Protein chains: 2
Amino acid sequence: MSQSKTINRRILLASRPNGAPTVENFKLDQSPVPVPAAGQVLLRTVYLSLDPYMRGRMSDAPSYAAPVEVGGVMVGGTVARVEASENPAYKVGDLVLSYSGWQDYALSDGKDLAKLDPKLGKPSYALGLLGMPGFTAYMGLLDIGQPKAGETVVVAAATGAVGSVVGQIAKLKGCRVVGIAGGADKCKYAVAELGFDACIDHRATDFPQQLAAACDKGIDVYFENVGGAVFDAVLPLLNLHARVPVCGLIANYNATGKPEGPDHLPGLMGRLLVRRIKMQGFIIFDYQPRYMEFFKEMSSWVAAGKFKYREDVVDGLENAPQAFIGLLEGKNFGKLVIRAGEE
Amino acid sequence: MSQSKTINRRILLASRPNGAPTVENFKLDQSPVPVPAAGQVLLRTVYLSLDPYMRGRMSDAPSYAAPVEVGGVMVGGTVARVEASENPAYKVGDLVLSYSGWQDYALSDGKDLAKLDPKLGKPSYALGLLGMPGFTAYMGLLDIGQPKAGETVVVAAATGAVGSVVGQIAKLKGCRVVGIAGGADKCKYAVAELGFDACIDHRATDFPQQLAAACDKGIDVYFENVGGAVFDAVLPLLNLHARVPVCGLIANYNATGKPEGPDHLPGLMGRLLVRRIKMQGFIIFDYQPRYMEFFKEMSSWVAAGKFKYREDVVDGLENAPQAFIGLLEGKNFGKLVIRAGEE
């Protein structure tokens, strides 16, 4: 099912999930392609980014951003083509970074758009390596994690949009990098392609023992983006003065009710105290004023060929719900993007 | 039972506690007063500091310092009088800060001693306001907590050696200070004498509600020295970018086995992330190079009459075990010190 020139397909939040989202929580809606008013542009979505944070927007639990209303269009970052323009700053054919959400077409007054430089590789990189996930990896690792050469950095979801960048930056900084991923293929890729020193399969029954063996000098920086059983295995390995940037908790996002005991909180607090560990949550929006600092350094690294970056591209906006459900289960391999239409 | 000139009473660790310590875990031993060799001084304990960290030294669980051996003398900071000296740097009659432990007499080569300045108020202040507890309060609050004028700072064990100093420094920095203490007398003292804006009794059945009402703008800095149910009530009130220096966890020190569920860890991690909270454990030994910075500023505050400081003085070394057991139950009111002998 391809993009139409007259019909705007939109994926709406049909209902709030209880636990893991299902396809029934989404609804594919059709409406006429909107017409730009004075000052507006009409955007056609080329790529839609799918990211774990969107699970939070489906819930109405208090969070750092407002939830999507039931019946509203799912939110998300996009790369879009300007199809019509009543705004002198943009002309038809421009490729822009936008926040159109899960739909084929959207209007914008131009203020929330950034033109994409074709010299910076594939346009979809603006949704990953050079976009929000890359910025998240960069600031969480460097500003909070503060890795030093020779230290051991551990990151889970090691082949994902954020984890793969965390690990590669840590390697550039001279660290030993141990990834955690689901399955042999991803682990092999992390070592052979991304250049990690080791990568452990969290599905292995002896995962905690394997992780401990790979981190024989303990862990100095753990970039937390998964939570759950992975964190339980990491905690005993954290070194004196370890730093734990808390970026995401994908293992917990679908949780319902209170997790079963025993209560691990007192153990965590005791460990923080005895080992003088710093844990700090962050949201990349707080770093907005430092975006250009990231963009300049990362662009130069990318131009110098220092980064490997893998995308998991799914064709067709209508497949976004199923792809997103798979993302929360770790089924993607690389940064997940929907190709909604032709470039 | 007063100090002898010939017999050294020593309180030994008789056995490791399982849960809360009992008097059976200690043993009062007698031996001859030792004789200093060349370079040594003989110290007579005047005041012995009792502090919660000593519970950790009674266990052989991994921690930041080695445990006391079973049969060994309990460790602790002391103010002592030099009774005999074979060290030219000290003369008989000098009053020193020392780390003699739970005993009437000890030998020292002088390297671990500091002479006390009689101008700085009562000698026992060197074990509290101007000593390790005050230094802990100062560094934890200012270096990790970084309170800003107008922010709300919460501290538990509010009338204790550390908490009372944390709150008074926070007031000097222009913060709203809410204490937490056990019982009406301590709460009244925290407000009327220490100058806190409010103090909540953690024994009240509606403690979480009272704390929320007292912190109507949320909590920006929570100085963690108790853990347990107090932390559970604090966590939902922590503001965006709140800071939590983790100094101690007295509520957990006597725990045996794994705490009952539900597991509060995922909830904590989620809160850290959404509210971008920093939690950081610390041990005051790490700040040793900055001791003079603390000492100069705190001495000037004390000289200017800016600090209230209450001691809970128990007479007689033989009463140290019972007093220490009471400390872990919150029975002391003010900094707990043992007066082992005449000044």
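Residues numbered from 1 in each chain as written. Chains lettered and ligands numbered in written order. Predicted model: local features only at pLDDT ≥ 70, side-chain atom pairs only at ≥ 80, totals over all residues. Heavy atoms only, no water.

By the naming in an unreviewed UniProt entry, chain A goes by Zinc-binding dehydrogenase family protein and is assigned to Collimonas arenae.

Attention shifts here to the overall build of chain A. Regarding its fold elements, chain A presents nine helices and 15 strands. Relative to the compact-globule value of 20 Å for 343 residues, chain A shows a C-alpha radius of gyration of 21 Å, a close match. Taking all 343 residues of chain A together, 55% fall into the buried category. In chain A, of all internal contacts separated by at least 6 residues, the share reaching a separation of at least 24 is 67%. Of the accessible surface of chain A, which amounts to about 14,100 Å², a share of 54% is contributed by carbon and sulfur atoms. Charged side chains in chain A number 36 positive and 35 negative. The centres of these two groups are separated by 4 Å. (Helix = DSSP H or I, 4+ residues; strand = E, 2+ residues; numbered from the N terminus. Rg over C-alpha atoms; globule rule 2.2 N^0.38 Å. Buried < 20%, exposed > 50% of the residue type's maximum accessible area, 1.4 Å probe, protein only. Contact = heavy atoms within 4.5 Å. Areas by Shrake-Rupley, 256 points an atom, 1.4 Å probe, with all protein chains shown as cover. Lys, Arg positive; Asp, Glu negative; His and termini not counted. Charge placed at Lys NZ, Arg CZ, Asp CG, Glu CD.)

Next up on the list: the pattern of salt bridges. Under the criterion given, the structure shown has 36 salt bridges over all chains. Its salt-bridge partner being D94 of chain A, residue K115 of chain A comes within 3.7 Å of it at the nearest N-O pair. Taken as a pair, K115 of chain A in strand β7 (residues 114–115) and D94 of chain A in the loop between β4 (78–85) and β5 (95–98) lie far apart in primary sequence, 21 residues in all. The closest approach of N and O atoms between D315 of chain B and R339 of chain B, which form a salt bridge, is 2.9 Å. With D315 of chain B in strand β14 (residues 311–315) and R339 of chain B in strand β15 (residues 335–339), the pair connects residues that are 24 residues apart, well separated along the chain. Judged by relative accessible area, R339 of chain B falls into the partly exposed class, the value being 32%. Each member of the salt-bridge network shares a partner with another, and the members are R9, D104 and E318 of chain A. (Salt bridge = Lys/Arg side-chain N within 4 Å of Asp/Glu carboxyl O.)

With that settled, consider the domain arrangement of chain A. Often, the extent of an interface is quoted as the loss of accessible area on bringing the components together. Residues and elements named next belong to chain A. Once the domains are mapped, chain A shows domain 1 (7–128 + 309–339) and domain 2 (133–285). For domain 1 and domain 2, the distance between their C-alpha centroids amounts to 28 Å. Taken together, the contacts link 20 residues of domain 1 with 14 residues of domain 2. Interface of domain 1 and domain 2: buried area, both sides summed, is about 1,400 Å²; carbon and sulfur atoms make up 64% of it. Looking only at domain 1, the three residues that lose the most surface to domain 2 are Y64, Y309 and F333, adding up to 32% of its buried area. Taken together, the links from domain 1 to domain 2 amount to zero salt bridges. The tally of links between domain 1 and domain 2 comes to three residue pairs in polar contact (both at pLDDT 80 or more). For the side of domain 1 that touches domain 2, the class distribution of residues is nine nonpolar, six polar and five charged. (Domains from an automatic or database assignment. Buried area = accessible area lost by both parts, 1.4 Å probe. Polar contact = N/O pair within 3.5 Å; in protein donor to acceptor, adjacent residues only side chain to side chain. Nonpolar A, V, L, I, M, F, W, Y, C, P; charged D, E, K, R; others polar.)

On to helix α9 (residues 320–328) of chain A, then. Residue and element names in this part refer to chain A. Burial within α9 is extensive, with eight of its nine residues counted as buried. Residues A320, P321, A323, F324, I325, G326, L327 and L328 constitute the buried set of α9. Of the surrounding secondary structure, the elements contacted by the buried residues of α9 are β1 (7–13), β2 (26–32), β3 (41–49), α1 (54–57), β14 (311–315) and β15 (335–339).

Moving on, we get to the nonpolar core. One finds L50 and Y222 of chain A together with L50 and Y222 of chain B to be the most contacted residues of the largest nonpolar core, which totals 104 residues. Those residues in contact with Y222 of chain A that lie beyond four places of it in its chain are V154, A156, V230, F231, V234, L238, R243, V244 and P245 of chain A. (Core = buried A, V, L, I, M, F, W, Y, C linked by side-chain atoms within 4.5 Å.)

With that out of the way, let us pick up the packing of aromatic side chains. Residue and element names in this part refer to chain B. This structure, assessed with the given rule, holds 30 aromatic pairs over all chains. Ring geometry for W102 versus F324: centroids 5.8 Å apart, planes at 70°, classification edge-to-face. In this pair, W102 sits in the loop between β5 (95–98) and β6 (105–108) while F324 sits in helix α9 (residues 320–328), placing the two residues 222 residues apart along the sequence. For the pair formed by W102 and F324, the shared burial category is buried. (Phe/Tyr/Trp six-rings, centres within 6.5 Å; stacked < 30°, edge-to-face > 60°.)

One open sheet holds the twelve strands; their spatial order is β10(A)-β9(A)-β8(A)-β11(A)-β12(A)-β13(A)-β13(B)-β12(B)-β11(B)-β8(B)-β9(B)-β10(B), and the pairing between them is mixed. The strands lining the two open edges of the sheet, one partner per strand, are β10 (198–201) of chain A together with β10 (198–201) of chain B. On average, each strand axis in the sheet is tilted by 15° relative to the strand beside it, whichever way the strands run. The pairing of strand β8 (residues 152–155) of chain A with strand β11 (residues 219–223) of chain A spans three bridges and is parallel. Bridging across to β11 of chain A, V155 of chain A finds its partner in F223 of chain A. (Pairing = 2+ DSSP bridges. Axes fitted to C-alpha atoms, helices over the stretch in contact; angles between N-to-C directions.)

All names here are of chain B. Within the secondary structure layout, L235 lies in the loop between α6 (228–234) and β12 (238–246). Along the chain, L235 and L50 lie 185 residues apart, while their C-alpha atoms are 29 Å from each other. Excluding its chain neighbours within four sequence positions, the residues that come into contact with L235 are L268 and R271.

Before going further, it helps to spend a moment on the relation of the copies chain A and chain B. Placing chain A over chain B gives an RMSD of 0.0 Å and needs a rotation angle of 180°, together with 0.0 Å of translation along the axis. Seen this way, the second copy is the image of the first under a two-fold rotation axis. When the interface residues of chain A are mapped onto chain B, 100% of them are again interface residues, pointing to one common binding face. (Least-squares fit on C-alpha atoms with pLDDT ≥ 70 in both.)

In the UniProt entry, the feature "domain: Enoyl reductase (ER)" (unreviewed entry) is given for residues 21–338 of chain A. Strand forms 24% of residues 21–338 of chain A and helix 27%; the C-alpha atoms that close the span are 18 Å apart. (UniProt positions renumbered as here; feature names shortened; annotations may be inferred.)

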